[in-house]
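# Understanding the architecture of this molecule
What follows is the residue order along each chain.
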Amino acid sequence: MRPRVLSGIQPTGSPHIGNYLGALKNWAKIQYDYDSIYCIVDLHAVTVYQDPAELRAKIEELAGVLLAIGIDPTHSSLIVQSSVAAHAELAWMLTCVTPIGWLERMTQFKAKSEAQESIGSGVMQYPVLMAADILIYQAAIVPVGDDQSQHLELTRDIAQRFNSLYGDTFVVPETRLPTVGARIMGLDEPEKKMSKSAAGSGHAVSLLDPPDVIRKKILRATTDSNPAVDFETAGAGVRNLLAIFQAFTESTDEALRTQFSGMRYGDLKKTVAEAVIAALEPIQKRYREITAETGYIARVLEEGAEKVRPIANDTVKKAKRAMGLYTP
Ligand code: AMP
Ligand code: TRP
């Protein structure tokens, strides 16, 4: 059997070029070499309040985007997390082997809990549910962006702790980061990672933004006080634009230097904008085709869930047996 790949994305906000370059592009690429499961993690989304009608719509929209970027349902299973109930069941068992201190150390948890006065306990449990998503399919490889590395380390720790307490039960997964684009920064604030939830229309390029909007956002991107590209002294904003270009076009470091050294920032931005527009055009065209076909997305999600449920149920049974829980 081919090794298994699993990854997930939250159905909140609009998927952007950071999601694409950090994770989704890799998902589409490796699906032909591995047994792949890709998960729209709606249970993670509700760790903070979501408007119910909007959440429902975002799940379908995201499924459409994932199909449009090239997730091929004849090679991969595309699922919605909450439609495979066993994820939540395993999450409870893993919660019971996870020390609170491990969760308090998570930088995303610290950032979220510092930003708000009162948070739901789901925000703290979030990485345990993520571990369940991965371990339930015995995934060997998890393609994600750099911001998920710490959660993946925790997943490995939880798997190892469970295995040592109760006997070998879970595959300990490996993190797979892209070489370029693992951390795309906000266009307006290049010190912060591009995020779905960050306010400000100049922050992120959404995968479904029309060309004129993409152009406007990139032309307004924050740079630095140099007039032109100098690879030795370029600030975070310029380095980010170069990374976006390199990741979309898959240029080598050498080709990038030759093309951009000494280029004025106005021209750099125009070149990057046109490369992004060209790369997103076929994705947007496929998105329109996919969403025009009534019932297609729902069918893909249903078939995906049906295919993976037996795998998930098997692992839960194995974990229950290992722990001595009742399995008739
Ligand atoms: P999320 O939007 O948080 O559900 O993230 C989905 C995937 O996109 C995860 O694998 C993240 O690591 C990745 N990702 C999110 N934001 C970025 C970013 N700014 N740069 C690179 N990868 C990202
Ligand atoms: N926490 C991830 C994020 O915000 C999403 C996620 C949930 C995930 N379950 C996962 C990623 C399992 C990889 C594997 O990006």
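Residues numbered from 1 in each chain as written. Chains lettered and ligands numbered in written order. Predicted model: local features only at pLDDT ≥ 70, side-chain atom pairs only at ≥ 80, totals over all residues. Heavy atoms only, no water.

## A few points about the site of ligand 1
Near ligand 1, the surroundings consist of 17 residues, among which G145, D147, I184, M194 and K196 are the closest. Measuring from a nitrogen atom of ligand 1, one finds a backbone N or O atom of I184 at 2.8 Å. At 4 residues, helix α1 (residues 17-30) tops the list of elements feeding residues into the shell around ligand 1. A per-class count over the shell around ligand 1 returns 6 nonpolar, 8 polar and 3 charged. (Near = heavy atom within 4 Å. Polar contact = N/O pair within 3.5 Å; in protein donor to acceptor, adjacent residues only side chain to side chain. Helix = DSSP H or I, 4+ residues; strand = E, 2+ residues; numbered from the N terminus. Nonpolar A, V, L, I, M, F, W, Y, C, P; charged D, E, K, R; others polar.)

## As for the site of ligand 2
Lining the immediate surroundings of ligand 2 are 13 residues, of which Q10, Y126, M130, D133 and Q148 lie closest. Interatomic distance of 3.3 Å between a side-chain N/O atom of Q10 and an oxygen atom of ligand 2. In the model, a nitrogen atom of ligand 2 is placed 3.2 Å from a nitrogen or oxygen of the Q148 side chain. If you list the elements that add at least two residues to the shell around ligand 2, you get β1 (4-9) and α7 (121-135). Among the elements that line the shell around ligand 2, the one with the most residues is α7, at 4 residues. Of the residues in the shell around ligand 2, the class split is 7 nonpolar, 5 polar and 1 charged.

## What to know about the domain arrangement of the protein chain
With domains assigned, the protein chain is organised as domain 1 (4-177 + 295-323) and domain 2 (211-289). Here the C-alpha centroids of domain 1 and domain 2 sit 31 Å apart. Residue-level contacts link 12 residues of domain 1 with 9 residues of domain 2. For domain 1, the biggest contributors to the area lost against domain 2 are I17, L21 and A68; these three give 54% of the whole. Across the contact surface, domain 1 and domain 2 share 2 salt bridges. (Domains from an automatic or database assignment. Contact = heavy atoms within 4.5 Å. Buried area = accessible area lost by both parts, 1.4 Å probe. Salt bridge = Lys/Arg side-chain N within 4 Å of Asp/Glu carboxyl O.)

## Digging into the pairing of strand β2 (residues 35-40)
Taken across its 6 residues, β2 has 5 buried, putting it largely inside the fold. Judged from the 6 bridges that link them, β1 and β2 form a sheet pairing that is parallel. Across the sheet, R4 pairs through a bridge with D35, a residue of β2. Each parallel crossover has a hand, and the one from β1 via α1 to β2 is right-handed. (Buried < 20%, exposed > 50% of the residue type's maximum accessible area, 1.4 Å probe, protein only. Pairing = 2+ DSSP bridges. Right-handed = clockwise from strand over helix to strand, strands pointing away.)

## Structural notes on helix α4 (residues 86-95)
Every buried residue of α4 is accounted for by A86, H87, L90, A91, M93 and L94. The buried side chains of α4 occupy one side of the element, clustering within an arc of 165° when seen end-on. Close packing links the buried residues of α4 with β2, β3 (76-80), α7, α8 (149-166) and α13 (296-323). (Arc of directions from axis to C-beta.)

## A closer look at the packing of aromatic side chains
Using the criterion set out here, one finds 5 aromatic pairs in the structure. With 4.6 Å between their ring centres and 0° between their planes, W27 and Y38 make a pair best called stacked. Here the residue W27 occupies a position in helix α1, and Y38 occupies one in strand β2, the gap between them amounting to 11 residues. Exposure remark for W27: the relative accessible area of 0% places this residue in the buried category. Look at F245 and F260: their rings are 4.8 Å apart centre to centre, the planes differ by 80°, and that puts the pair in the edge-to-face class. (Phe/Tyr/Trp six-rings, centres within 6.5 Å; stacked < 30°, edge-to-face > 60°.)

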